[in-house]
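Coordinate inspection notes
As a plain string of letters, each chain reads:
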Amino acid sequence: MKLGIIGLPNVGKSTLFNAITRAGAEAANYPFCTIEPNVGVVAVPDERLKTLSDMYATEKTVYTAIEFYDIAGLVRGASGGEGLGNKFLGHIREVEAVVHVVRCFDDANVVHVDGEPDPARDIETIELELIFSDLEVLDRRIQKTKKNLKGDKALQKELDLLQRVYAGLEGGAQARSLGLDDAEKDYVKGLGLLTSKPVIYAANIGEDDAGNPDENAYVKSLREIAEAEGSGVVVLSAKVEAELADLSDEDRELFIEELGIGESGLDKLVKASYSLLDLISFLTAGKPEVRAWTITKGMKAPQAAGKIHTDFERGFIRAETIAYDRLVECGSLAAAKEKGLVRSEGKEYVVKDGDVMHFLFNV
């Protein structure tokens, strides 16, 4: 999974990226300190893997991963070349979802490009640049489709959809909010439209607000915006996350408890992105390896097996399956089998989050 971190300059994007990836991207108090998209690969926290690794005395534990792209700050006019311009809008097309960092703190020592924070205005600035960029993409596609329509009248349906999406964006809407059906969404996704990307708003609050974010007026405003458009919200402090990144696991847990924030920003982002993208994880376990595999919710057993290897899907016979909680209760797979808790599931079985699975297949 790839997530792009975007926002205005000086909202805390690179500070947050550094903290959650420990990748060391430069963070400075001036716009455009990031001139290439920094990429960090982060293991998705999952306590279930540690438990299974201990149970199986496994030789190798493999977590599923998220790639975070730290994309340079966008400003008004970016789609037309202002700031670092269209180059960075292009980087967003590579990601599956967008983490839009919104500044929700006051600090006279940290410059804001428009004077002071205003979540609604700041979000609108970014969204307009994404819309303008998408309109350029759509215009080129519409002209090409019109040209090809002369020789293939079947393209009229495609042209109608393109023009409908163009009109929606021209009216200020995002592609993801146009009420498209599943087939239309898949088509639009294939166009790489920036405004079709699901969004998680990351409300970057000050350190003093970390333990009581609901009192922050900026956060309240951001939540209302997100609720209206069906986007996710994660509230965190990039400054706190930077401090957490330098601590040992034990000290990190103590600091989180002391601040009363419940969990780290990375944990919050992972949960929000999995929910937004309808993702779950199934697990495979054995002496050689314990591993988590990310799939789309609703996927059936053969397709899940195909995530491991295409041969598993082609030759799928059945999947020996047990829920993670049941397996842990039993203490071992052998004990679970004795109690009849390991199920044999066929091709129509819909995989559930936390299923521990062993696939049988023909080569």
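Residues numbered from 1 in each chain as written. Predicted model: local features only at pLDDT ≥ 70, side-chain atom pairs only at ≥ 80, totals over all residues. Heavy atoms only, no water.

**Some points on the nonpolar core**
Phe68 and Ile92 are the most contacted members of the largest nonpolar core, which has 46 residues in total. One finds Val137, Leu138, Leu162 and Ala175 within the second-largest nonpolar core, a separate group that totals 17 residues. (Core = buried A, V, L, I, M, F, W, Y, C linked by side-chain atoms within 4.5 Å. Buried < 20%, exposed > 50% of the residue type's maximum accessible area, 1.4 Å probe, protein only.)

**Brief notes about the pattern of salt bridges**
Going through the model one piece at a time under the given rule, you end up with 17 salt bridges. A salt bridge links aspartate 311 to arginine 314; the shortest N-O distance between them is 2.3 Å. Of the two residues, aspartate 311 and arginine 314 both sit in helix α12 (residues 310-314), 3 residues apart, roughly one turn of that helix. Its relative accessible area of 29% is what places aspartate 311 among the partly exposed residues. Arginine 314 sits in the exposed class, given a relative accessible area of 63%. Connected through salt bridges with shared partners, the residues Asp46, Arg48 and Asp353 form a single ionic network. (Salt bridge = Lys/Arg side-chain N within 4 Å of Asp/Glu carboxyl O. Helix = DSSP H or I, 4+ residues; strand = E, 2+ residues; numbered from the N terminus.)

**Let's talk about the packing of helix α4 (residues 119-149) against helix α5 (residues 156-170)**
Between two packed helices, what matters for the description is the angle formed by their axes and the separation of those axes. The contact between α4 and α5 brings their axes to 10 Å, and the two run at 155°. Considering the angle they form, α4 stands roughly antiparallel to α5. Note that α4 runs across α5; the crossing there is left-handed. Taken together, the residues of α5 that come into contact with α4 (itself represented by Ile131, Asp134, Leu135, Leu138, Asp139, Arg141, Ile142, Thr145, Lys146 and Leu149) are Gln156, Glu158, Leu159, Leu162, Gln163, Val165, Tyr166, Leu169 and Glu170. Residues belonging to the contact of α4 with α5 are distributed by class as follows: 10 nonpolar, 3 polar and 6 charged. (Axes fitted to C-alpha atoms, helices over the stretch in contact; angles between N-to-C directions. Parallel < 35°, antiparallel > 145°, perpendicular 65-115°, else oblique. Left-handed = near helix turned anticlockwise from the far one by under 90°. Contact = heavy atoms within 4.5 Å. Nonpolar A, V, L, I, M, F, W, Y, C, P; charged D, E, K, R; others polar.)

**Points about the packing of α4 against helix α7 (residues 217-229)**
For the pair α4 and α7, interaxial distance at closest approach is 9 Å and the crossing angle is 45°. What the angle tells us is that α4 and α7 run oblique. Of α7, the residues touching α4 (which contributes Pro119, Ala120, Ile123 and Glu127) are Tyr218, Ser221, Leu222, Ile225 and Glu229. Here the contact of α4 with α7 is built from residues that sort into 6 nonpolar, 1 polar and 2 charged.

**Comments concerning the pairing of strand β7 (residues 232-236)**
Most of β7 is tucked away: 4 of the 5 residues are buried. Note: strand β6 (residues 199-204) against β7, 5 bridges, orientation parallel. Directly across from alanine 202, in β7, lies its bridge partner valine 234. Note that the unit made of β6, α7 and β7 has a crossover that is right-handed. (Pairing = 2+ DSSP bridges. Right-handed = clockwise from strand over helix to strand, strands pointing away.)

**Thoughts on the sheet that holds strand β5 (residues 97-103)**
The strands making up a sheet are joined through hydrogen bonds of the backbone, oriented either antiparallel or parallel. A sheet is described by the order of its strands in space; here 6 strands give the open sequence β2-β4-β1-β5-β6-β7, paired in mixed fashion. Two strands close off the open sheet at either side, each with one partner strand: β2 (38-43) and β7. Here the average twist between neighbouring strands, direction ignored, is 25°. Here 6 bridges tie β2 to strand β4 (residues 65-70), and the two strands are oriented antiparallel to one another. Within β4, the residue paired with glycine 40 across the bridge is phenylalanine 68. Strands in contact with α4 are β1 (2-6), β5 and β6; relative to β5, the strand with the most contacts, it is inclined by about 145°. This element, α7, spans β5, β6 and β7 of the sheet and lies at about 160° to β7.

**Quick notes on the confidence of the model for the protein**
Counting all residues, the mean pLDDT for the protein is 87, and 90% of those residues have values of 70 or more. Taken element by element, the predicted model of the protein shows its lowest mean pLDDT in helix α3 (residues 86-92) (62) and its highest in strand β10 (residues 316-323) (97). Predicted confidence is poor over residues 29-35, with pLDDT under 50, and the contacts of this stretch with residues over four places away or in other chains come to 23 contacts. (pLDDT = per-residue confidence, 0-100.)

**A word on α7**
Compared with an ideal rise of 1.5 Å per residue, which puts 13 residues at 18 Å, α7 spans 19 Å between its outermost C-alpha atoms and is within 8% of the ideal. What α7 keeps buried is the set Val219, Leu222 and Ala226. Each buried residue of α7 lies within a common arc of 65° when the element is viewed along its axis, so the set occupies one face. Exposed and facing more than 90 degrees away from the buried side of α7 are Ala217, Glu224, Glu227 and Ala228. Two to three positions downstream of the cap, the backbone nitrogen of tyrosine 218 sits 2.8 Å from a side-chain oxygen, assigning the N-cap of α7 to asparagine 216. Trailing α7 by a residue or two, glycine 230 shows a phi angle of about 75°, which is positive. (Expected span 1.5 Å × (residues − 1). Arc of directions from axis to C-beta. Polar contact = N/O pair within 3.5 Å; in protein donor to acceptor, adjacent residues only side chain to side chain.)

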